[in-house]
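Each chain, written out:
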Amino acid sequence: MAFLTRPSLAATWVCCALSMATQSLAQDGQIEPPNTPDSSVDYTLSERPTGLSDDPEFQVFVGPSGQCCTNKSPISGNYSFEELKVTFTPAFEFLEGQTYTVQTRHGALSEFKITPKVAQPRPEVLAIYPGGGQIPENTLRFYIEFSTPMMPHRAEDFIALVDDTGAVDDAAFMMFKQEIWNEDRTRLTLLMDPGRIKRGVAQNMTLGPALEETRRYALVVRAGWPGATGPHVASRYENCFVVSPALRARPSLNDWDLSLPTIGTRSRLAIAFDRPFDAVQTSHNIRIINAKGQGVTGDITLDASQTYWTFAPDKPWTSGTFEIVIDAHLEDVAGNNFRDTLDHPVGAVTREVDQLWIPFQPMKSGG
Amino acid sequence: MNTVKMTALAALMAATGLTSVASAQEASFDMKFAGALEFSDDGTLFVGDNYQGAIYAFDMTGQAAPDQIAPVNIGDIDVKIADVLGVPKSALAINDMAVHPVSADILISVSRIGNFESAPAIIKINQGGALEVLDLASLTVQKQALDNFPDQETTFRPRGLGQMPPLARDIAKGNIKLSSLAIMDMEYHEGELFISGVATDNFLSTLRRMPFPFTDEQSSANVEMYHISHDQFETRAPIRAMSIQTVDGKSTLVAAYTCSPVVLIDLDEIVDGAKISARTIMDYGNGQPLDIISYSLNGEDTLFLTNNSRSPHIIPVASLNGVPSYTKGDLPDGGKSDTMAIMPVGDTGKAVMFDGMSMQIANLGESLFVSLTRDMYTGSLNMDSNFNGFPNRLHNLVAEFDFPQYYADK
């Protein structure tokens, strides 16, 4: 909680400080900066303070001392006292690699910085999904995966869809009041505006769909996007692709091809999809259960084209029947799921199903 | 779920061992994200937690109203908030802003991006302009989890394998958190909370409705966009911002969603499992809508719509009475550019002047707007309060009156 200074007392305090100042500067207290993010700042006074004051013995500010401290608000936190020691515990952990400034009541400034034990990765784009070089015309959603949290509300400045003539479409994606990040703030979701996804014969009065079949595009993340913390910026990243026909039919399990694993091994169950499915949903909407109905834990992979999914169990396959359980809300990259297509005829009946199952039996080894 | 005071809680828990009471106590400590904000009429604060898939309701009722509500102006508000949270402003995401209907305290929900994670915080700015981190632990709280698929009670079950016991809880459907929903807007209306959102990894139901105080009941509906010229097709579409008004005598949700179409949805249509074809009544221009707030302008109920790339738009609520929806043949499919002769379509409002770009806006009392405004020249983000009758900083505008010659000639 920030301390608020009441004007009347402040005047008194300044008078006292001036007379105490010369004495105190010579015997200023000892500041003990934190050495881990969750530590506090300790200040051991050289002598007991005389008189009362609402001002704290010291305050901590973000940034170097050269920019401190008029017009800056101190970090929110709590003070506690023990004998001559004043301890400040911040409301939130200190950031590694960030310079902070301590200002004592007498105006003395000192800096501290907590050295990171583990180097924070430099900000970089790790991947853009869908990948694989070919995506349907009515692709609804892209994911951009970063190495570290990025500075918020800069996506519009750095992300662009560029076509094969070099024309830049800065408005291809929907921007909301909140950006759509995952919980650890390293994966950004970008949505195409469904209103711009073309259906039917092109008409020359439209703004135009963002993607047109057979044309090539690049989803570009321009260089220079800063990380949320730290001085570094990401370098340029491009994901080039050619646009394939729109996906307009509901997916069907009949179009999935299974490759069965072998009993007694941890070999992979593989599913070849007929179309690319959502990169994130395939990691949690397709599960394996055994004959007792228990979940089988293991490792899931999805290839760059998002059409080939595999599962290797943590423990070797036993004999018997297993089931692949698929959440019917699993979407392909155009937002179609097993219940309905994203874009559907008025009056189309949604297939009222929540889960789908594919039973399978691992094969005996040796064929 | 009962609301309980934390101090009385320990005794109560010891006596009864009620686990539901335990969750009420823990609620304020397990909030992982402070996003969309909304106040009830008497001061309950609703907060959307995108990572928990839940709404928190903090009791901030019983506060005193100031004699007169004053404007609050703070320059570089993002820097000031980041300073207090101990981070550079690059590590701060401002999510939403709301004003307490009685005390006129301004609340801003933020994400503070830390070493390898982010923390939620709500900043409170009082009428005196003092800024502090709201101490959520000191407030009584209720939490309502958003069901993933509230109309279904199924669990994962092996099919065709006879009478099997229920599956291990960790894959039972009911226990899968709705952790992928970014709650974009909430509206409190006559004892109910309406919630719209956009999921991080799916494109499903985006409009929910639940009573407050929370009872665990909730309804979930799909809002569909009707393709005007090809009237045979509908597409699921997300709502960005909404306001509840009386239109043609009925309680109606006025919402902005894709591009800048404005749609109307009768509240009666928002029932569990419904597929609602929202009626598109206008497309006032390109750009991305941010907020819709309602206020009184010259004695008339009016909507104020902000947008991330155009001037705000004002729409008198009365102008929506009897307004036609788009019908077949009126409009071509897909996005329409501002420069086309056909645009704007069905616009019963008008664009108004606004100095800078409002990223967040809320009513501050009856006669003021408070806005987090991106300054066009300096690029700084400032908290500006202005009279809602003419929401501009008049002292910042250079006009002929500013030049000495004007007075010399007079």
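Draft legend 1. Structural detail: the overall build of chain B. On a plain count of helices and strands, chain B comes out with four helices and 25 strands. The 410 residues of chain B split such that 58% are buried. Accessible surface, chain B as shown: approximately 16400 Å² in total, 51% of it carbon and sulfur.

Draft legend 2. Main features of the sheet that holds strand β23 (residues 355–360) of chain A. Residues and elements named next belong to chain A. Overall, antiparallel pairing links the three strands, which are arranged β18-β21-β23 in an open sheet. The open sheet terminates on both sides in strands that have one partner only, identified here as β18 (286–289) and β23. Each neighbouring strand pair of the sheet contributes to a mean axis angle of 25 degrees, computed without reference to strand direction. Where β18 meets strand β21 (residues 322–327), four bridges bridge the pair, whose relative direction is antiparallel. What sits directly across from isoleucine 286, in β21, is isoleucine 326.

Draft legend 3. Representation of helix α3 (residues 77–85) of chain B within the structure. All names here are of chain B. The buried fraction of α3 amounts to seven of the nine residues, a majority that puts the element mostly inside the structure. Taken residue by residue, α3 has Ile77, Asp78, Ile81, Ala82, Asp83, Val84 and Leu85 as its buried positions. One or two residues past the end of α3 sits glycine 86, with phi positive at roughly 80 degrees.

Draft legend 4. Molecular detail of a nonpolar patch on the surface. On the surface, Leu258, Leu260 and Met363 of chain A cluster together into a nonpolar patch covering about 220 Å² of accessible area. Structurally, leucine 258 of chain A can be placed in strand β16 (residues 257–259).

Draft legend 5. Quick peek at the layout of surface pockets. By volume, the largest pocket is sized at about 1000 Å³. Around the largest pocket, the lining is made up of 39 residues, and of these Glu38, Phe39, Glu187, Ser294 and Asn363 of chain B lie nearest the centre. Mapped by element, the contributors of at least two residues to the lining of the largest pocket are β1 (37–39), β4 (92–99), β9 (181–189), β14 (241–247), β19 (289–297) and β23 (357–364) of chain B. Among the elements that line the lining of the largest pocket, the one with the most residues is β19 of chain B, at seven residues. Its residues placed into classes, the lining of the largest pocket shows 19 nonpolar, 10 polar and 10 charged. Volume-wise, the second largest pocket comes out at about 830 Å³. The wall of the second largest pocket is formed by 33 residues, among which Pro152, His153 and Arg154 of chain A together with Met359 and Arg374 of chain B lie closest to the centre. Elements with a contribution of two residues or more to the lining of the second largest pocket: α2 (155–158) and β13 (187–191) of chain A together with β4, β23 and β24 (368–374) of chain B. Split into classes, the residues belonging to the lining of the second largest pocket amount to 18 nonpolar, seven polar and eight charged.

Draft legend 6. Highlighting the sheet that holds β13 of chain A. Residue and element names in this part refer to chain A. As summarised here, the arrangement of the three strands in space is β8-β10-β13, forming an open sheet in which the pairing is antiparallel. Across the chains shown, the open sheet's two edge strands, defined by having one partner strand only, are β8 (125–129) and β13. Sheet twist, expressed as the mean angle between neighbouring strand axes with direction ignored, is 15 degrees. Both β8 and strand β10 (residues 141–146) contribute to a ladder of four bridges, which runs antiparallel. When the sheet's bridge partners are listed, alanine 127 is paired in β10 with glutamate 145.

Draft legend 7. Structural view of the packing of aromatic side chains. For the coordinates displayed, the defined rule picks out 33 aromatic pairs over all chains. An angle of 90 degrees between the planes, with centres 5.3 Å apart, marks the rings of phenylalanine 94 of chain A and phenylalanine 112 of chain A as edge-to-face. Pair noted here: phenylalanine 94 of chain A is in the loop between β5 (85–90) and β6 (99–104) and phenylalanine 112 of chain A is in strand β7 (residues 109–113), with a separation of 18 residues, a long-range link. Classification of phenylalanine 112 of chain A as buried rests on a relative accessible area of 6%. Ring pairs connect the aromatic residues Trp309, Phe311, Trp317, Phe322 and Phe360 of chain A, which therefore count as one cluster. The ring of tyrosine 143 of chain A is capped by arginine 187 of chain A, whose NZ or CZ atom sits 5.3 Å from the centre of that ring. Taking NZ or CZ as reference, arginine 240 of chain B lies 5.0 Å from the ring centre of phenylalanine 176 of chain A, over its face.

Analysis parameters
- Residues numbered from 1 in each chain as written.
- Chains lettered and ligands numbered in written order.
- Predicted model: local features only at pLDDT ≥ 70, side-chain atom pairs only at ≥ 80, totals over all residues.
- Heavy atoms only, no water.
- Helix = DSSP H or I, 4+ residues; strand = E, 2+ residues; numbered from the N terminus.
- Buried < 20%, exposed > 50% of the residue type's maximum accessible area, 1.4 Å probe, protein only.
- Areas by Shrake-Rupley, 256 points an atom, 1.4 Å probe, with all protein chains shown as cover.
- Pairing = 2+ DSSP bridges.
- Axes fitted to C-alpha atoms, helices over the stretch in contact; angles between N-to-C directions.
- Patch = residues over 30% accessible without salt bridge, like charges linked within 9 Å, V, L, I, M, F, W, Y side chains within 5 Å.
- Salt bridge = Lys/Arg side-chain N within 4 Å of Asp/Glu carboxyl O.
- 1 Å grid on protein atoms, 1.4 Å probe; cavity = no way out; pocket = protein on both sides within 12 Å on 5 of 7 lines; lining within 4 Å.
- Points joined across faces, edges and corners; volume = space filled by probe spheres on them.
- Nonpolar A, V, L, I, M, F, W, Y, C, P; charged D, E, K, R; others polar.
- Phe/Tyr/Trp six-rings, centres within 6.5 Å; stacked < 30°, edge-to-face > 60°.
- Lys NZ or Arg CZ within 6 Å of the ring centre and 35° of its normal.

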